[in-house]
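Observations on the model geometry
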Amino acid sequence: MTVNDGPAGGRYGTAVWYPSISNLSASWDPALIARVGKAIGEDALAIGIDVVLGPGMNIQKNVLGGRNFEYSSEDPLLTGLLMSAYVDGMQSTGTGACVKHYAANNQETARGNVSANVSERALREIYLKGFGLVVREAKPWTVMSAYNSLNGIHTSINRGLLTDILRGEFGFDGFVMSDWGAFGSMPDKVSAGNDLNMPGNTTDPAEVLNALQRGTLSRGDLDTCCRNILSVVARCAAFKGLHKGRVDQRTQSALIQEVSPDTIVLLKNEGILPIKASKKNNIIVLGPNADLVAFGGGSGRMDPIEGRAITLFAGLSKLGKPYSVTLMDWKSPDMAAL
């Protein structure tokens, strides 16, 4: 079984690059988001990916959160409904989704050792609500535990979070994997219900066997983890021999061109649209990233098909007359003239 990053597309070599989860959610359109999830699932199926590590579902609580672009929204209900559509679309292809990062991973600063200290009510109404909705409505194959602690206990070894709530209350029936290199020993992860340790260490088997021999790890907990993993393996395209071998880049690129304008939403129109014709149709584009193919880092980074990625500035510059498009830095002296 192969898992791979994919919130913005299947990351194996050059790939079709889709709008970010945050962009998609700005459309407020479950049907549209389901189509994108389906397209990414099709791409993954074609290139040998069984489980896509996405969507991201944490609340955009901290404006400095380095992975906010990977997360859906500031609202748990909107996140739950829209990401249910994403997971449904993806898994309709036979590719599994992995919702992440469970839970309360709302900042990147010191993410490996910070503790998100949250009241029970806030936890239920804000930070877990979206995950619960997606698990119940879309039944994702996998869930990824987070790097952070929750009320002093790392999520990857938090049995209350992973077993009691996720499985017992939400009804999750897939397997839980850790984020890559997340805190916690193998026995502690197994006991908590963190079924798969990623990316894994050569010492993992010995740790488990020693814990079994000492009686500090239950054979039943280990068997449960194995069953959970195998239940997902049995659903995978690799297990069923369904991988196709080719991405339909032309169709998927056309979908992106259709979808992207719908991710720009004007919530209230007070004389803004339609834009009236003028002799001075000047468009000022601010900031250096406007003339770069700018990605989010980490699992959100893509290697787009050569010649197909167009910067914001380049795209606007193709408008031609009567528009004049100028790229300007925030600190430019010309800003005063505006």
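For the structure itself, consult the block above.
Read on for an overview of the structure.

What counts, and at which threshold
Residues numbered from 1 in each chain as written. Predicted model: local features only at pLDDT ≥ 70, side-chain atom pairs only at ≥ 80, totals over all residues. Heavy atoms only, no water. Salt bridge = Lys/Arg side-chain N within 4 Å of Asp/Glu carboxyl O. Buried < 20%, exposed > 50% of the residue type's maximum accessible area, 1.4 Å probe, protein only. Helix = DSSP H or I, 4+ residues; strand = E, 2+ residues; numbered from the N terminus. Axes fitted to C-alpha atoms, helices over the stretch in contact; angles between N-to-C directions. Left-handed = near helix turned anticlockwise from the far one by under 90°. Contact = heavy atoms within 4.5 Å. Nonpolar A, V, L, I, M, F, W, Y, C, P; charged D, E, K, R; others polar. Arc of directions from axis to C-beta. Core = buried A, V, L, I, M, F, W, Y, C linked by side-chain atoms within 4.5 Å. Pairing = 2+ DSSP bridges.

1. Some thoughts on the pattern of salt bridges
- Using the criterion set out here, one finds 13 salt bridges in the structure.
- Put simply, Glu 70 and Arg 67 hold a salt bridge, and the shortest N to O gap is 3.0 Å. For the pair Glu 70 and Arg 67, a shared accessibility class is recorded, and that class is buried.
- Two residues, Arg 159 and Asp 221, come together in a salt bridge whose shortest N-O distance is 3.9 Å. Placement of Arg 159 in helix H6 (residues 159-169) and of Asp 221 in helix H9 (residues 219-233) is noted, with a sequence separation of 62 residues between them.
- Among the charged side chains, a salt-bridge network with shared partners connects Arg 67, Glu 70 and Lys 100.

2. A look at the packing of helix H3 (residues 76-91) against helix H5 (residues 129-138)
- In contact at an axis separation of 8 Å, H3 and H5 are set at 35° when each is read in the N-to-C sense. The two elements H3 and H5 cross, and the hand of that crossing is right-handed. Only Lys 129, Gly 130, Leu 133, Val 134, Glu 137 and Ala 138 of H5 make contact with H3, whose side of the interface consists of Pro 76, Leu 77, Gly 80, Met 83, Ser 84, Val 87, Asp 88 and Gln 91.
- Among the residues forming the contact of H3 with H5, the class breakdown is 7 nonpolar, 4 polar and 3 charged.

3. Some remarks on helix H11 (residues 249-259)
- Within H11 the residues assigned to the buried category are Gln 252, Ser 253, Leu 255, Ile 256 and Val 259. The buried side chains of H11 occupy one side of the element, clustering within an arc of 155° when seen end-on. In H11, the exposed positions that point more than 90 degrees away from the buried face belong to Arg 250 and Gln 257.
- Contact partners of the buried residues in H11: helix H1 (21-25) and helix H2 (30-47).

4. Some points on the nonpolar core
- Grouped together as the largest cluster of nonpolar side chains are 48 residues, with contacts concentrated most on Met 83, Tyr 86, Tyr 102, Leu 128 and Leu 166.
- Secondary-structure elements contributing two or more residues to this core are H1, H2, H3, strand S3 (96-102), helix H4 (120-127), H5, H6 and H11.
- Sequence-distant contacts of Leu 128, defined by excluding residues within four places in its chain, comprise Tyr 102, Ala 103, Leu 123, Leu 161, Ile 165 and Phe 170.
- Counting residues in hydrophobic clusters, the runner-up holds 12 residues, among them Cys 98, Met 144, Met 177 and Met 198.

5. Some details on the sheet that holds strand S4 (residues 115-116)
- Sheet architecture is open: 3 strands sit in the order S4-S6-S7, paired in mixed fashion. Either end of the sheet is taken by a strand with one partner, and the two such strands are S4 and strand S7 (153-154).
- Here strand S6 (residues 149-150) pairs with S7 via 2 bridges, running antiparallel. Directly across from Ser 149, in S7, lies its bridge partner His 154.

6. Describing helix H8 (residues 204-214)
- Of the residues making up H8, those classed as buried are Asp 204, Val 208 and Ala 211. Looking straight down H8, one finds that the buried residues subtend no more than 65° of arc, so they occupy a single side. Set apart from the buried face of H8 by more than 90 degrees, the exposed residues are Gln 213 and Arg 214.
- Positive backbone phi, approximately 80°, marks Gly 215, located one or two places after H8.

7. A closer look at the sheet that holds S3
- The strand order across the open sheet built from 5 strands is S1-S2-S3-S5-S8, with neighbouring strands paired in parallel fashion. What marks the edges here is a single partner per strand, and that holds for strand S1 (3-5) and strand S8 (175-177). Across the sheet, the axes of successive neighbouring strands diverge by a mean angle of 30°, strand direction being ignored.
- Across 3 bridges, the pairing between strand S5 (residues 142-145) and S8 is parallel.

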